[in-house]
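Commentary on secondary and tertiary structure
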Amino acid sequence: GAGVSQSPSNKVTEKGKDVELRCDPISGHTALYWYRQSLGQGLEFLIYFQGNSAPDKSGLPSDRFSAERTGGSVSTLTIQRTQQEDSAVYLCASSSAPNSPLHFGNGTRLTVT
Amino acid sequence: SQQGEEDPQALSIQEGENATMNCSYKTSINNLQWYRQNSGRGLVHLILIRSNEREKHSGRLRVTLDTSKKSSSLLITASRAADTASYFCATDGWAGGGNKLTFGTGTQLKVEL
């Protein structure tokens, strides 16, 4: 596609349920990032992929969060047993190389009720 | 804590005026980037300045970098109502390890007619 695509754009879930967020990066981009943005706040780094491997998982808030990337392309971020504090916008970005400008998707707005 | 901190947190100006936003960071960097975010959207890359550069221009944007003070500024000249957005600086320092961009908390710019 022309840009980074994220789905769903909005997700409302009940506390305790699992959710899966999807990111489809720009074709050929080897680096993929997940960030979380709470209302009116900056971006909190979650995880970085180079190809299919994740050299930096330091930002994942807890073991309820996991992410994978297959085929060097699509990535999924899974949150198990969601909590209300997980409510935020989850942004995905890709780049052609580490430390190159990032191209962001429009995010998934997650609301945990 | 955040690698980058923007100042001011919010800025309101009249159309045609210049807007200046500042960013401070804590560790050594390879480059510093500025991004813009319109409400409800992902971030858009504006400009990248490398650690060995002091100033860079792109259209109405002017970015400066002072590595001795660990600070950068973004100047938008002749502002327009369409420049209303949040602006973030991001650094690629190895704070926390790994290749990742760490974003500041942003400056909310409002340009009024």
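Scope of this entry: the structure provided in the associated data block. (Residues numbered from 1 in each chain as written. Chains lettered and ligands numbered in written order. Predicted model: local features only at pLDDT ≥ 70, side-chain atom pairs only at ≥ 80, totals over all residues. Heavy atoms only, no water.)

Observations regarding the nonpolar core
The tendency in soluble globular proteins is for nonpolar side chains to be buried side by side. With 20 residues, the main nonpolar core has Met21, Leu32, Trp34, Leu74, Ile76, Tyr87 and Leu109 of chain B as its most contacted residues. Those elements that provide at least two residues to this core are strand S3 (19-25), strand S4 (31-37), strand S5 (43-50), strand S7 (61-66), strand S8 (71-76), strand S9 (85-91) and strand S11 (107-112) of chain B. With four residues, S3 of chain B is the largest single contributor of residues to this core. If we ignore the near neighbours within four places in the chain, the residues touching Leu32 of chain B are Cys23, Tyr25, Ile47, Leu48, Ile49, Leu65, Ser72, Cys89, Ala90 and Thr91 of chain B. Among the nonpolar cores identified, the runner-up in size contains 19 residues, and Val4, Leu21, Trp34 and Phe65 of chain A belong to it. (Core = buried A, V, L, I, M, F, W, Y, C linked by side-chain atoms within 4.5 Å. Buried < 20%, exposed > 50% of the residue type's maximum accessible area, 1.4 Å probe, protein only. Helix = DSSP H or I, 4+ residues; strand = E, 2+ residues; numbered from the N terminus. Contact = heavy atoms within 4.5 Å.)

Quick notes on the layout of surface pockets
Counted as a void, the largest pocket has a volume near 680 Å³. Around the largest pocket, the lining is made up of 29 residues, and of these Gln37 and Gly40 of chain A together with Gln37, Ser86 and Gln108 of chain B lie nearest the centre. In terms of residue class, the lining of the largest pocket is built from seven nonpolar, 19 polar and three charged. (1 Å grid on protein atoms, 1.4 Å probe; cavity = no way out; pocket = protein on both sides within 12 Å on 5 of 7 lines; lining within 4 Å. Points joined across faces, edges and corners; volume = space filled by probe spheres on them. Nonpolar A, V, L, I, M, F, W, Y, C, P; charged D, E, K, R; others polar.)

Quick notes on the interface of chain A and chain B
Contacts between the two partners involve 19 residues from chain A and, on the opposite side, 23 residues from chain B. Across the interface of chain A and chain B, roughly 1600 Å² is buried in total on both sides, 49% from carbon and sulfur atoms. Interface area lost by chain A to chain B is led by Leu43, Asn99 and Asn106 of chain A, which between them contribute 32%. Put simply, chain A and chain B have zero salt bridges between them. Linking chain A with chain B are four residue pairs in polar contact (both at pLDDT 80 or more), by the criterion used here. Mapped by element, the contributors of at least two residues to the side of chain A that touches chain B are strand S4 (31-37) and strand S5 (43-50) of chain A. (Buried area = accessible area lost by both parts, 1.4 Å probe. Salt bridge = Lys/Arg side-chain N within 4 Å of Asp/Glu carboxyl O. Polar contact = N/O pair within 3.5 Å; in protein donor to acceptor, adjacent residues only side chain to side chain.)

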